[in-house]
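Next come the chains, spelled out residue by residue.
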Amino acid sequence: FSRPSRAHIMGTDALGRDIFTRLLYGGRYSISLGVAASFIGTLVGVIIGSIAGYFGGKIEEIIMRFMDIWTSLPGMLLCIVISTALGAGYFNTVLALSIGAVPAGVRMIRGQILSERSKEYIEAAEAINCSHASIMFRHLLPNVIQPEIVSMTMGIGHTITMAAALSYIGLGVQPPTPEWGAMLSDGRAHILTYPYLIMFPGATIALTVLAINLMGDGLRDALDPKLRR
């Protein structure tokens, strides 16, 4: 419990471990959790949403009604249930967070494809007997994927927060791995006597999420011609 000093700029924890070093090392886990879960959830959402938007009819109806049921479940509750069923750990946490990110991607891609489905270049591709897979992934997706990329980037910050929350309640990455949420959980027992144990990990999470959201805003402005000045 050494307080912040020149030797340890953020102090040390109950075992004498340097908090600053653990925050730097733990960033690999927290940030990779956010990136991996957002990417996997977006990828699955893009595939399912593309099928729903392109084929339409009963396929779309079944997929979207299933998404309605999926969306009706609170995201955090769904992650808690999956983490409880699979057990704590890095890869199980990625899976739990990925599942919660799927419905938003499905809805966004479906809407984009519906708006592009009747364009002339799609009719031309159908006229020369392009396969459904070719039309979806070579012609449609390159023209509708930009909003999904921005949404995935913005979702990384939210996913980092969710991962920290799971670790805080003991369902995410487990000690001694220095994940930021796990560090918050370790320090909560000493919040009154040694507040720096949770102050620095909490500030790190907040600043990282803010930076990622600002990056997402910049990416949106860069990819959307309507927002360029």
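Bear in mind the structure is a predicted one, so any value in this text is a computation, not a measurement.

Q: Describe the pattern of salt bridges, naming the residues involved and giving the relevant values.
A: Inspection of every chain in the model, using the stated rule, returns seven salt bridges. Notably, a salt bridge pairs arginine 65 with glutamate 61, separated by 2.8 Å at the nearest N-O pair. Placement of both arginine 65 and glutamate 61 in helix H2 (residues 57-72) is noted, with a separation of four residues, approximately one turn of the helix. The class of arginine 65 is partly exposed, set by a relative accessible area of 39%. Looking at glutamate 61, the relative accessible area reads 44%, which means it is partly exposed. Here aspartate 68 and arginine 107 are joined by a salt bridge, their closest N and O atoms 2.3 Å apart. In this pair, aspartate 68 sits in helix H2 while arginine 107 sits in helix H4 (residues 90-116), placing the two residues 39 residues apart along the sequence. Overlapping salt bridges, with partners in common, bring together Glu61, Arg65, Asp68 and Arg107 in one network.

Q: Give a detailed account of H4, specifying residues and quantitative values.
A: The end-to-end C-alpha distance of H4 is 38 Å, a good match for the 39 Å that 27 residues give at a rise of 1.5 Å each. Of all the bends in H4, the largest measures some 30 degrees and sits at alanine 101, one to four residues before the proline proline 103. Among the residues making up H4, those that are buried are Thr93, Val94, Ala96, Leu97, Ser98, Val102, Pro103, Gly105, Val106, Ile109, Ile113 and Glu116. Residues of H4 that are buried make contact with helix H1 (19-55), H2, helix H3 (75-86), helix H5 (120-127) and helix H6 (132-168).

Procedures and definitions
Throughout this description, residue numbers start from 1 for each chain and increase along the sequence as written. Totals for whole chains, interfaces and linings use all residues, but because this is a predicted model, local features are given only for residues with pLDDT of at least 70 and pairs of side-chain atoms are given and counted only at 80 or more. For the side-chain quantities, the full set of heavy atoms in the structure was used; hydrogens and water were omitted. By definition here, a salt bridge exists when the distance from a side-chain nitrogen of Lys or Arg to a carboxyl oxygen of Asp or Glu is within 4 Å. Comment: elements are numbered from the N terminus, with helices defined as DSSP H or I runs of at least four residues and strands as E runs of at least two. Accessible area is worked out with a 1.4 Å probe on protein chains only. A residue is then buried under 20% of its type maximum, exposed over 50%, and partly exposed in between. Helix span, as expected, comes to 1.5 Å for every residue beyond the first. Bend, at a single residue, is the angle you get between axes fitted to the 7 residues ending at that residue and the 7 residues starting at it. Residue contacts follow a heavy-atom distance rule, with two residues in contact if any of their heavy atoms lie within 4.5 Å.

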